[in-house]
Amino acid sequence: MQVKGPIRIGFLLLNEFSMIAFSNALEVFRMANQLSHLPLYAWKVVPVRESGIQASNGLIVQATGKLADLEACDLVLVCAGINARYATDEHVRATLIHLAARRVPLGGVCTGSYALASAGLLDGYQCAVHWEYLATMREEFPRVQFVQAVFHVDRDRYTSSGGTAPLDMALHLVRTHHGARLAMKISEQFIVERQRASTDRQRMPQPECIGPGYEHLLEATEIMSANIEEPLSVQEIADAIDISLRQLERLFHRYHDMNPAQYYMNLRLRRAHELLTQTSLPIMQITIACGFQSASHFCRAYRSLFSHPPSEERRRLITRTTMDRKLLRREREVPYAS
């Protein structure tokens, strides 16, 4: 599909946004202009505060536009980072709801999709989000269908996981707007070996890790991940992938240096860690969601892996959240010096 430019892209930056995710998206559009010698794309960078906003790496990005400018954009991408939950306040949600009402296509890079989901703007949509936040967002937003793809386009919603995934989504947009040849030239300029598609999964095994039986190991770990709340027995997992219990144990020892039951327990405990640190769910609810029959068993297992009980993890979260909110409030009240 050929489109006459410039296509207007808005970047809404939330506090502590991911610089790598933001840059990977923006640079693709800049390079499209440079290689074509045409203004195919124009963009506005709009922090939630007009004076500027700090990325997670400490750098401050200044605004090139105002919130009102986003209404004229052909696509607005929300850029967030590790603290998306606390950076998404009522002002951010109201802004996104207003843009949606004006029929502005919306997207999120890294955890920017959290802001869209918390505003109810991903209900009934498929959405890609960084694998580290996948489980907690599934718990919090059951009306959103989360996928493990690098990026995903569903009607007027454009979402990508973190890191370099926004580059793949931006290349997809260039290819859609201006053809595969320009997207290929941009890839060559950035020394990108392969343009990933929306069907590519985020977490792929590294070539040096692949060996005999690895496909069975992947099947087993996927079954474990899909059965956290009601864990299966190791024998049931072996039967599901049609190998013997002894063979399954050998595979886990070869590739993970532990038996399948230990791996499964660690998987459930790391899911519990995500829920404790990224949601406000009660500890008892997390206990059940991660397949533990009693709080005492959960507490002992959690302490064994993380060296402290779940209650201390939650106290740390409350302390950190309180400090983050005070800092955000202070930053909103005191503008940056010019």
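Above: the structure in question.
(A) Up close: the overall build of the protein chain. Along its length, the protein chain carries 14 helices and 10 strands. The long-range fraction of contacts in the protein chain, counting pairs at least 24 apart against all pairs at least 6 apart in sequence, stands at 67%. Accessible area for the protein chain stands at about 17100 Å²; split by element, carbon and sulfur atoms hold 52% of it.

(B) Inspection of the nonpolar core at higher detail. In terms of nonpolar packing, the biggest core is built from 70 residues, with F11, L12, L13, L14, F17, F22 and V174 touching the most fellow members. Looking at this core element by element, the count peaks at nine residues for helix α1 (residues 19-36). With near-sequence residues (within four places) excluded, L14 lies in contact with V48, I53, V78, C79, A80, A87, T88, V92 and A115.

(C) Seen up close, the packing of α1 against helix α6 (residues 165-178). At a closest axis distance of 7 Å, the pairing of α1 and α6 adopts a crossing angle of 30°. The orientation of α1 with respect to α6, classified from their angle, is roughly parallel. Relative to α6, the crossing made by α1 is right-handed. The residues of α6 that touch α1, namely those facing A21, N24, A25, V28, F29 and A32, are P166, L167, A170, L171, L173 and V174.

(D) Summary view of the side chain of S161. When you line up the elements, S161 lands in the loop between β10 (157-160) and α6. In terms of polar contacts, S161 uses its side chain to reach the backbone carbonyl oxygen of V150, at 3.0 Å.

(E) Quick peek at the pairing of strand β5 (residues 75-79). Taken across its five residues, β5 has five buried, putting it largely inside the fold. Where strand β1 (residues 7-13) lies against β5, five bridges are found, and the strand directions are parallel. Pairing of G10 across the sheet is with V76, part of β5. Here β5 runs beside strand β6 (residues 106-109); their pairing, made up of four bridges, is parallel. When the sheet's bridge partners are listed, L77 is paired in β6 with G107.

(F) Summary view of α1. With 18 residues, α1 ought to run about 26 Å at 1.5 Å a step, and its terminal C-alpha atoms sit 26 Å apart, in line with that. Here α1 has its buried residues at M19, A21, F22, N24, A25, L26, V28, F29, M31, A32 and N33.

(G) Fine view of helix α5 (residues 131-140). Listed in full, the buried residues belonging to α5 are Y133, L134, A135, T136 and M137. Each element contacted by the buried residues of α5 is listed here: α4 (112-118), β8 (145-147) and α11 (260-278).

Rules used throughout
- Residues numbered from 1 in each chain as written.
- Predicted model: local features only at pLDDT ≥ 70, side-chain atom pairs only at ≥ 80, totals over all residues.
- Heavy atoms only, no water.
- Helix = DSSP H or I, 4+ residues; strand = E, 2+ residues; numbered from the N terminus.
- Contact = heavy atoms within 4.5 Å.
- Areas by Shrake-Rupley, 256 points an atom, 1.4 Å probe, with all protein chains shown as cover.
- Core = buried A, V, L, I, M, F, W, Y, C linked by side-chain atoms within 4.5 Å.
- Buried < 20%, exposed > 50% of the residue type's maximum accessible area, 1.4 Å probe, protein only.
- Axes fitted to C-alpha atoms, helices over the stretch in contact; angles between N-to-C directions.
- Parallel < 35°, antiparallel > 145°, perpendicular 65-115°, else oblique.
- Left-handed = near helix turned anticlockwise from the far one by under 90°.
- Polar contact = N/O pair within 3.5 Å; in protein donor to acceptor, adjacent residues only side chain to side chain.
- Pairing = 2+ DSSP bridges.
- Expected span 1.5 Å × (residues − 1).

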